[in-house]
Amino acid sequence: MSEGEVFHEKQRLELCAIHALNNVLQERVFTKETADDICKRLAPQCVVNPHRSVLGTGNYDVNVIMAALQSRELAAVWWDKRRTVQSLCMSKVQGFILNVPSRVSLGIVSLPLRRRHWLAVRQVNGQYYNLDSKLKSPVCIGGEAELRTFLGEQLSQDVAEMLLVVRREVEEDGSWLNSDNPKK
């Protein structure tokens, strides 16, 4: 499969959480409107919703991502960075959503600021792809060994976090973790 055939939404406003969700699902499922509806459900009494930007430009938090995945019979498992990525049972994981530090830029000018950014990684036809919405097109990571290296590098950043996107039953039975590997 060529990179042109891999679904890849590009960055718009502060909608990286929506782009990461759609990219990991490989179809346009969620929109700003559906994410805003989730925010309202999560905090119905709040005048200023704590799950998104006050300006209404996005910047959705992890609760919105988790609720969105639940609406699709999926679950998000928060990865404990004290574990090695070698302990992941890749065949049980549908995709990965990472939260990483990202540079802020205005056009071609890069500012000395760093913000948090959601990005997706997913296997498509046997190859794993970095589906970061800030990329011009999907970037092929390679096979499982290359994916483990990529994830390890991403998670080595102090503030980087990772969610495993799995089916609900996989979350419940814990089969996303190889049973022959220790927890650390």
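Just above sits the structure.
This one's a predicted model, so the numbers in the text were calculated from it and none came from an experiment.

(A) Main features of the overall build of the chain. Secondary structure summary: the chain contains five helices and six strands in total. Secondary structure elements of the chain, listed N to C terminal, follow the sequence α-α-α-β-β-β-β-β-α-β-α. The buried share among the 184 residues of the chain stands at 47%. Taking as baseline every contact in the chain between residues at least 6 positions apart, the subset at least 24 positions apart corresponds to 62%. Looking at the chain as shown, the accessible area adds up to about 9,800 Å², and 50% of this sits on carbon and sulfur atoms.

(B) Spatial organisation of helix 3 (residues 62-70). Of the residues making up helix 3, those classed as buried are V62, V64, I65, A67, A68 and L69. Of the residues flanking the start of helix 3, the one acting as N-cap is D61, its side-chain oxygen 3.0 Å from the backbone nitrogen of N63.

(C) Up close: helix 1 (residues 16-25). Burial runs high along helix 1: 10 of the 10 residues are buried. Within the span of helix 1, buried status applies to C16, A17, I18, H19, A20, L21, N22, N23, V24 and L25. Phi turns positive one or two residues past the end of helix 1, at Q26, with a value near 65°.

Conventions adopted
Note on numbering: residues in each chain are counted from 1, in written sequence order. Two thresholds apply to this predicted model, a pLDDT of at least 70 for residue-level local features and 80 or more for giving and counting side-chain atom pairs, whereas whole-chain, interface and lining totals are computed over all residues. Water and hydrogen atoms play no part in the side-chain values, which are based on all heavy atoms of the structure. Only DSSP runs of H or I reaching four residues or more are called helices, and only runs of E reaching two or more are called strands; each is numbered from the N terminus. When a residue's accessible area, from a 1.4 Å probe over protein chains only, is under 20% of the maximum for its type it is buried; when over 50% it is exposed; and in between it is partly exposed. Contacts were defined at the residue level, with two residues in contact if any of their heavy atoms lie within 4.5 Å. Exposure was quantified through the Shrake-Rupley algorithm and a 1.4 Å probe, taking into account, for residues, occlusion by the shown protein chains and nothing else. Between N or O atoms, a polar contact is any pair within 3.5 Å; within protein, one atom must be a potential hydrogen donor and the other a potential acceptor, and residues adjacent in sequence are included only when both atoms are from side chains.

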